[in-house]
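Working through the structure, step by step
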Amino acid sequence: MSGAENRVLVGLPRRGPPVQDRPRRVVVLGPPNTGKTSLFNRLAGTNLRVGNYPGVTVEGTSARIDLPHVGPIDLVDLPGTYSLSGRSGEERIAVDALLGRNGHALPDAVLVLCDATHLEHNLYLALQVLELSVPTLVVLNMADEATRQGVDIDLAALSERLGAPVVAVSARTGQGVDDLLPRAAGLLRAAERAAPPIAYPPAVIEAADSLDLPHRALALWALLSVEAGSEEETEDPALAARVEAARAGFDGEEDIDAAIVGARYGFIDRDLMPCVVRSRSGGRSLTDRIDAVLVHPAWGFLLFLVIMTVLFQGLFSWSDPAIGVVESLIGALADGTRAVLPDGIVEDFVADGLIAGVGSVLVFLPQILLLFLLIGLMEDSGYMARIAFLMDRIMKSVGLHGRAFVPMLSGFACAVPAVLATRTMERRRDRFLTMMVVPLTLCSARLPVYTLLIAALYPAGDQGNVPVQGLLLAGMYVFSIAVALVAAAVLGRTVLKGRNEPLLLELPPYRLPRLNTVWRMMWDRTRIFLTEAGTVILACTIILWALLAFPRMSEERAEALGPQEAAAVSLQESYGGRLGQAIEPAIAPLGFDWKIGVGLIGAFAAREVFVATMGVVYGVGGDVDETSTTLREKIRAEAHADGRPVYTPLVGFSLMVFFALACQCMSTLAAVKRETRSYRWPVFLFVYMTALAWLCSFAIYQGGRAMGLG
Amino acid sequence: MDLPTAETLLGSPQGEWRTVLGVRGERAFRRRLLELGFVAGTRVRVVGVAPLGDPLKLEIRHGNLSLRKAEAAGIEVGP
Ligand SMILES: Nc1nc2c(ncn2[C@@H]2O[C@H](COP(=O)(O)OP(=O)(O)OP(=O)(O)O)[C@@H](O)[C@H]2O)c(=O)[nH]1
Ligand SMILES: [Mg+2]
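A short note on the overall build of chain A
Assigned secondary structure in chain A consists of 34 helices and 11 strands. A principal-axis box enclosing the C-alpha atoms of chain A has dimensions of 100 × 55 × 55 Å. Accessible surface, chain A: about 28500 Å² in total, of which carbon and sulfur atoms supply 61%.

Here's the deal with the overall build of chain B
Of the regular secondary structure elements, chain B holds 2 helices and 5 strands. In chain B, the succession of α and β elements from N to C terminus is β-α-β-β-β-α-β. The C-alpha atoms of chain B give 11 Å as radius of gyration, which agrees with the globular expectation for 79 residues (12 Å, within 12%). Dimensions of chain B, computed from C-alpha atoms along their principal axes, come out at roughly 35 × 25 × 25 Å.

Description of the nonpolar core
Residue and element names in this part refer to chain A. Residues Ile387, Leu400, Tyr450, Ile596, Phe610 and Tyr647 are the most contacted members of the largest nonpolar core, which totals 120 residues. Among the elements that line this core, the one with the most residues is helix α23 (residues 468-493), at 11 residues. Excluding anything up to four places from it in sequence, isoleucine 387 contacts Phe304, Met308, Met378, Phe405 and Leu409. Counting 71 residues, the second largest nonpolar core, distinct from the first, contains Leu162, Leu220, Ile256 and Tyr265.

Quick word on the domain arrangement of chain A
In terms of domain boundaries, chain A breaks down into domain 1 (3-189), domain 2 (202-260) and domain 3 (531-706). The C-alpha-based centres of domain 2 of chain A and domain 3 of chain A are spaced at 61 Å.

Quick notes on the sheet that holds strand β7 (residues 166-168) of chain A
All names here are of chain A. Strand order in the open sheet formed by 6 strands is β2-β3-β1-β4-β5-β7, with mixed pairing between adjacent strands. Since the sheet does not close on itself, it has two edges, and those belong to β2 (61-67) and β7, each with one partner. The mean inter-strand angle of the sheet, taken between neighbouring strand axes irrespective of direction, is 25°. Here 5 bridges tie strand β1 (residues 24-29) to strand β3 (residues 71-77), and the two strands are oriented parallel to one another. Along β3, the bridge assignment pairs arginine 24 with isoleucine 73.

A closer look at the coordination of the magnesium ion (ligand 2)
All names here are of chain A. Here the magnesium ion (ligand 2) is held by the protein donor atoms Thr37 (OG1) and Thr57 (OG1), which lie 1.9 to 2.0 Å from it. Here threonine 37, found in helix α2 (residues 36-44), pairs with threonine 57, found in the loop between α2 and β2; they are 20 residues apart in sequence, far enough to count as distant. Residue threonine 37 is classed as buried on the basis of its relative accessible area, which comes to 6%. Classification of threonine 57 as buried rests on a relative accessible area of 16%.

Remarks on the sheet that holds strand β1 (residues 18-23) of chain B
In space, the 6 strands of this open sheet follow the order β11(A)-β4(B)-β3(B)-β2(B)-β1(B)-β5(B), with antiparallel pairing throughout. Both outer strands of the open sheet, β11 (504-506) of chain A together with β5 (75-78) of chain B, are each paired with one neighbouring strand and no more. Across the sheet, the axes of successive neighbouring strands diverge by a mean angle of 40°, strand direction being ignored. In terms of strand pairing, β1(B) meets strand β2 (residues 43-49) of chain B through 2 bridges, oriented antiparallel. When the bridges of β2(B) are listed, Arg18(B) appears paired with Val44(B). The sheet strands contacting helix α18 (residues 383-397) of chain A are β11 of chain A together with β2, β3 (56-60) and β4 (63-67) of chain B, and the helix crosses β11(A) at an angle near 150°.

Quick look at the pairing of β1(A)
All names here are of chain A. In terms of residue burial, β1 counts as a mostly covered element, since 6 of its 6 residues are buried. Here β1 shows two buried faces, one formed by Arg24, Val26 and Val28 and the other by Arg25, Val27 and Leu29. Where β1 meets strand β4 (residues 109-115), 4 bridges bridge the pair, whose relative direction is parallel. Following the sheet pairing, valine 27 is matched in β4 by valine 110.

Observations regarding the interface of chain A and chain B
If you look at the interface, chain A gives 49 residues, while chain B gives 28 residues. Carbon and sulfur atoms supply 53% of the area buried between chain A and chain B, which totals about 3600 Å² over both sides. Our enumeration of links across chain A and chain B arrives at 7 salt bridges. Put simply, Arg27(B) and Asp257(A) hold a salt bridge, and the shortest N to O gap is 2.8 Å.

Description of the packing of helix α32 (residues 649-661) of chain A against helix α34 (residues 680-706) of chain A
Residue and element names in this part refer to chain A. Put simply, α32 and α34 touch, their axes get as near as 8 Å, and they point 165° apart. As far as their axial angle goes, α34 and α32 are roughly antiparallel. For α32 against α34, the interelement crossing comes out right-handed. Each of Leu650, Val651, Phe653, Ser654, Val657, Phe658 and Leu661 in α32 lies in contact with α34, whose residues at this interface are Met689, Leu692, Ala693, Trp694, Cys696, Ser697, Ile700, Tyr701, Gly704 and Arg705. For the contact of α32 with α34, the residue count by class is 13 nonpolar, 3 polar and 1 charged.

Details of α32(A)
All names here are of chain A. The terminal C-alpha atoms of α32 lie 18 Å apart, and with 13 residues this matches the ideal 18 Å at 1.5 Å per residue to within 8%. Within α32, 11 of the 13 residues are buried, which leaves the element mostly enclosed by the surrounding structure. What α32 keeps buried is the set Leu650, Val651, Gly652, Ser654, Leu655, Met656, Val657, Phe658, Phe659, Ala660 and Leu661.

Things to note about the side chain of His118(A)
By the secondary structure assignment, His118(A) is in the loop between β4 and α4 (119-131). In this structure His118(A) comes out as buried when scored by relative accessible area, which is 11%. Within the structure, His118(A) has its side chain in polar contact with the side chain of Thr117(A) (distance 3.5 Å). Once residues lying within four places of it in the same chain are set aside, the contact partners of His118(A) are Arg61(B), His62(B) and Gly63(B).

Topic: the site of ligand 1
All names here are of chain A. As a matter of local geometry, ligand 1 sits amid 25 residues, with Lys36, Thr37, Ser38, Val56 and Thr57 nearest to it. Contact between ligand 1 and lysine 36: an oxygen atom at 2.6 Å from a side-chain N or O atom of the residue. Between an oxygen atom of ligand 1 and a main-chain N or O atom of alanine 171, the distance comes to 2.8 Å. Coverage of ligand 1 by the protein chains reaches 99% of its 650 Å² of free accessible surface. Among the secondary structure elements, those contributing two or more residues to the shell around ligand 1 are α2 and α5 (143-148). Looking at the shell around ligand 1 element by element, the count peaks at 3 residues for α2. Residues belonging to the shell around ligand 1 are distributed by class as follows: 7 nonpolar, 12 polar and 6 charged.

Digging into the packing of aromatic side chains
All names here are of chain A. Under the counting rule described, the total for this entry stands at 9 aromatic pairs over all chains. Both rings, one in phenylalanine 301 and one in phenylalanine 304, keep their centres 5.7 Å apart while their planes meet at 50°; by these two values the pair is tilted. In this pair, phenylalanine 301 and phenylalanine 304 are both assigned in helix α14 (residues 300-317), 3 residues apart and thus about one turn of the helix distant. Across this residue pair, the class does not change: phenylalanine 301 and phenylalanine 304 are buried. A connected cluster of aromatic rings, assembled from ring pairs, spans Phe432, Trp681, Phe684 and Tyr688. In this structure, arginine 386 is placed above the aromatic ring of tyrosine 510, and the distance from its NZ or CZ to the ring centre is 4.2 Å. Positioned over the ring face of tyrosine 679 is lysine 673, at 4.8 Å from the centre of the ring.

A short note on the side chain of His121(A)
Within the secondary structure, His121(A) sits in helix α4. Apart from the residues within four sequence positions on either side, His121(A) is in contact with Tyr82(A), Tyr265(A), Leu36(B) and Arg61(B).

The rules behind the values
Note on numbering: residues in each chain are counted from 1, in written sequence order. Naming scheme: in the order in which they are written, chains are lettered from A and ligands are numbered from 1. Totals for whole chains, interfaces and linings use all residues, but because this is a predicted model, local features are given only for residues with pLDDT of at least 70 and pairs of side-chain atoms are given and counted only at 80 or more. The side-chain quantities take in all heavy atoms of the structure and omit both hydrogens and water. Comment: elements are numbered from the N terminus, with helices defined as DSSP H or I runs of at least four residues and strands as E runs of at least two. Residue exposure ignores everything except the shown protein chains as possible cover, and the areas themselves are Shrake-Rupley values with a 1.4 Å probe. The globule rule used here is 2.2 Å times the number of residues to the 0.38 power, and the radius of gyration it is set against is calculated over C-alpha atoms. Joining through side-chain atoms within 4.5 Å is the link that ties buried Ala, Val, Leu, Ile, Met, Phe, Trp, Tyr and Cys residues into a set, and such a set is a nonpolar core. A simple rule labels every residue: compare its accessible area, found with a 1.4 Å probe on the protein chains alone, to the largest value its type can have, and call it buried under 20%, exposed over 50%, or partly exposed in between. The contact criterion used throughout is that any non-hydrogen atoms of two residues lie within 4.5 Å. Here the bounds of each domain stem from an automatic or database domain assignment. Here, strands pair whenever DSSP counts at least two bridges between them. What counts as an axis is a line fitted to C-alpha atoms, over the stretch in contact for a helix, and the angles between N-to-C directions run from 0 to 180 degrees. Because water is not among the atoms used, a metal site may look incomplete, as its donors are only the N, O and S atoms within 2.8 Å, or 3.2 Å for Na, K and Ca. Each of two parts loses accessible area, computed with a 1.4 Å probe, when they are put together; buried area is these two losses added. Salt bridge, as used here, is a side-chain nitrogen of Lys or Arg placed within 4 Å of a carboxyl oxygen of Asp or Glu. Under this scheme an angle from 65 to 115 degrees is roughly perpendicular, one under 35 degrees roughly parallel, and one over 145 degrees roughly antiparallel; angles in between are oblique. With the far helix as reference, a near helix turned anticlockwise by less than a right angle produces a left-handed crossing, and one turned clockwise produces a right-handed crossing. The residue classification treats Ala, Val, Leu, Ile, Met, Phe, Trp, Tyr, Cys and Pro as nonpolar and Asp, Glu, Lys and Arg as charged. All others, Gly included, are polar. Expected helix span is given by 1.5 Å per residue-to-residue step, counting one fewer step than there are residues. Here a polar contact means two N or O atoms within 3.5 Å. Within protein one must be a hydrogen donor candidate and the other an acceptor candidate, and residues neighboring in sequence count only if both atoms are side-chain atoms. We call a residue near a molecule or strand as soon as one heavy atom of that residue lies within 4 Å of the molecule or strand. Aromatic pairing here means that ring centres of Phe, Tyr or Trp (its six-membered ring) are within 6.5 Å. Orientation follows from the plane angle: under 30 degrees is stacked, over 60 is edge-to-face, and everything else is tilted. Charges are assigned to positions over rings by a cutoff of 6 Å between ring centre and Lys NZ or Arg CZ, combined with an angular limit of 35 degrees from the ring normal.

Next up, the structure:
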């Protein structure tokens, strides 16, 4: 294995004769946030996720396209990277795909993207790729923005100086995109092309040649990127030793890194930038003016808090009417089913199991849609990067990487993509630390549980001008952030010790969010939500319904007891009921009765199952006639044997805290297992979160009781 | 640049343009800064500070970048 990789590591320029029987491979490479995925979507007709912050794409995606006169090609979208020495997980994917390392096939052609409004630094990566002599098309994206900003680019001159074809396109408006693939096809037949004439100091050339690699570009890459402890060193120790010697023997005015990079930027500034004329420079851009308000030194932070509170109150009140509609629809469906189906077990199963269970989760669809609308707007406008900027100080103080805030924010949507998003961090320690705390942020799966409990147990509307429900929900979000930060501080000083990593955050310009992008994000998550409702939650609901419905009580006994009593006893004597009672001693100190225990058992597969189970628990045998009550009302009415209500505000709070902290999501554990490549971390995550949940709920319930609450 | 008290980006007044003279720091991070364009001769300025006092917002090569004060102290600048 390592032998093959060695060959690839140093064998890049010796590209074999074109292989006819496989599709050609064309990769889309470029710095982060330059619109690679937007362009890919246009070319391949896909709908991959884009967003206005660096690091949206963390995995390569390929699509097969049929090109006239060429045949099928594989177009590959890659994560962004500023240079070929990128060290973070997703940058490595991009570099490996370009250099054909680690199991990637060598590309036959490269589309290297630059943001036409930032050529001053985006051309750096393009130069590195051009030096490799792989057939390359330089694509200047965001031509629309460049025109608007008065950036005028002489494409012919730029192309001549680079020694490679250059095109200007806009992935947003579609300008120039139709020409791209035919030109890429042309590349596949193009003759060898000279590397751009970058004037490296003689000492650099000498050092590069001393490595004895078949291509100078590769030698320069090795001088910059192969170092002690890097992956390349393990792959090719002999090369690493030669690099070490060349670097030590380097005899230039500055050190070798600065000399190599400086020579490239010298070429950009002296030879390339004259092709770019900015007719309108000096004036304050729109982005600067918006930033002057949104990240203002004095009110920037306050504004951030206000925005968050409004969003969360809105999440509650704006979706309420829609929730009411869905609720009554499901109620009507259940009633309708009861009217149609004959009495008996089938009717019970369909109405109480299927409809009540899955329906009680579906009720939250409007809220999920709204949450994702809001997150999508923040992401695609560019505000998300500003939040990272505003929060960095706090992140740093608990030892989290500056980039950890973006995964943590997307954790509010769902922890699974958030765990994947930790790839934007270079060090294992930063990644793992973030992964260990991301599941503490309130994901959308908790929303159904919270909405149910808050709506059922706390007063709606303004109580003396205090919007209790919204504040409570916003409070849970703040609580979860606080716990995540404390957990990071503790874990970062114990289990995952390490230094703070420097921050380097690009602040993209504000852009008008695109309807399509935001809609895509909403639809994606909604689909996951619906699929989950249709599979995991449905399956769990059926299992839990069966557990709660069996063993069936005999007709005679049911008659003897009367309908009310029979239902209660049957639930209590069911398998599920017995299970709940078995764990009751463990959860009673938290204020939960065995019925909640049944819900908790289901919730460990996925949190939404709790709501579904409660739908079944309180639907089973309930008097479901013309006064078909909603789940909220049933919860409010639920009482202990002695008449005390089961769900006091204190119990509700304890339960919400439990849901905030406990690790109740199989998908997250699976994702952590995948990303850490070990069982240790998911097990650790599960144990520490669930223990924390128990302890906090215990403290809250017992503390509250001691203070005379609930 | 030979003076021990060379001006750094941290000490440069907000809004005023400076010229990068050199970058100090751990190799990987320094390489990253270099590759982002912090090479000798490049114009750069501090345009803002985050509300909580850190990090800084910089303008360089027509783009905005955010860097913590600790690292900005490693970027030597001249007029
Ligand atoms: N005005 C304009 N905006 C664009 C254009 N292409 C992309 N964008 C926007 O730029 C942002 C980044 O787009 P993406 O396609 O996610 O960029 P990417 O290069 O894939 O980003 P990463 O995956 O994070 O590296 C999004 O907000 C896009 O809508 C363009 O041609 N013009
Ligand atoms: Mg992308």
